Amino acid sequence: MNALSAPDNLTAATPARSRERRQSVQAADTVVAVLKGLAGLGGGASLTTLAAHLDENPAKVHRYLVSLIDGGLVTQNANTQQYTLGLESMLIGLAAMRQADPIRIAEPALIHLREHLGITSFIAVMGNKGPTIVRMEEPSLPVTVNVRVGSVLSFLWSATGRVFLGLHDEPAVRALARQEFDTLGETQDPPAPFDTLVTQLQDEISRFECVCVRDTNLKGISAVAAPVFNYAGQLTAVLTALGASGGFDTSLNGPIAVCVRQQAQLISQQLGYNIA
């Protein structure tokens, strides 16, 4: 026998192993589809509903459900006969949520805004003193502004702060914003009564999913900011793009606003937020 020749039994076994490998991959794909199907149906469904949702034979879906029940990933209600995601699925979800860091997840979005629009972009979270920039990307020819990582932004005048003011309803955050508002009233006229301003911002964000400002926080600087939500639908961060007002389109349907909204939605989805 030629030393380079494969034995007949090895040649025969190779297609069999290949078939087994394909079957294993297909089985794994089906398991994933069943779990995602249950999640997409709100976490629970009857066999008939789930099979129709997956466009699969109910008998086939049932076989996989039995295995998932054995593994603790799915449970079945004895009264309704509905299948629901089990404890092990919840533990996996909790582990994933603990790793869902909006700052890390936002990095590709910041780079996308910088590369595709040639503008400065940053992600901000709520700090103990107010909206705080925690990650920033600048183009090769950045606009000179006095904001950097660690900068605390105005609730009233910055696009970032206005998103937080409109959507962050925790008493401590509102107290910070109210303090800024009261201090402003000592030196200049506020844009509107405090409660009216909050309502206006809530309506604006609900309708347009972003806030645009021109020459309000910094003279000659415009910005567009969009909210980032976590799996519970809570505001967790704000994605913002800014640039010199002369060449910065702040229209709500302009390319900058559209791109910022899209990137904020992608971050939210990766944090587990269901946009639908």
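Residues numbered from 1 in each chain as written. Predicted model: local features only at pLDDT ≥ 70, side-chain atom pairs only at ≥ 80, totals over all residues. Heavy atoms only, no water.

Student: Explain the sheet that holds strand 8 (residues 235-244) to me, please; I cannot follow it from the model alone.
Tutor: What links the strands of a sheet is backbone hydrogen bonding, and the strands pair in either a parallel or an antiparallel sense. In space, the 5 strands of this open sheet follow the order 5-4-8-7-6, with antiparallel pairing throughout. Of all strands in the sheet, those with a lone pairing partner are strand 5 (131-137) and strand 6 (211-214), marking the two edges. On average, each strand axis in the sheet is inclined to that of its neighbour by 25°, with strand direction left out of account. With 4 bridges connecting them, strand 6 and strand 7 (residues 221-229) associate as antiparallel partners. Each residue of the ladder has a partner; that of V211, found in strand 7, is A225. Contacting strand 4 (120-126), strand 5 and strand 8, helix 5 (residues 102-117) crosses the sheet at an angle of about 55° to strand 5. (Pairing = 2+ DSSP bridges. Helix = DSSP H or I, 4+ residues; strand = E, 2+ residues; numbered from the N terminus. Axes fitted to C-alpha atoms, helices over the stretch in contact; angles between N-to-C directions. Contact = heavy atoms within 4.5 Å.)

Student: Got a minute to help me understand the packing of aromatic side chains in this structure?
Tutor: Centre-to-centre distance and the angle between the planes together describe a pair of aromatic rings. The final tally for this structure, using the stated rule, is 2 aromatic pairs. Judged by centre distance (5.4 Å) and plane angle (70°), the rings of F181 and F194 are edge-to-face. Residue F181 is found in helix 7 (residues 171-184), and its partner F194 is found in helix 8 (residues 194-208); the two are separated by 13 residues along the sequence. By relative accessible area, F194 is classed as buried at 7%. Relative to Y273, the ring of F229 has its centre 5.0 Å away and its plane inclined at 35°; by these criteria the two rings are tilted. Taken as a pair, F229 in strand 7 and Y273 in the segment after helix 9 (255-270) lie far apart in primary sequence, 44 residues in all. (Phe/Tyr/Trp six-rings, centres within 6.5 Å; stacked < 30°, edge-to-face > 60°. Buried < 20%, exposed > 50% of the residue type's maximum accessible area, 1.4 Å probe, protein only.)

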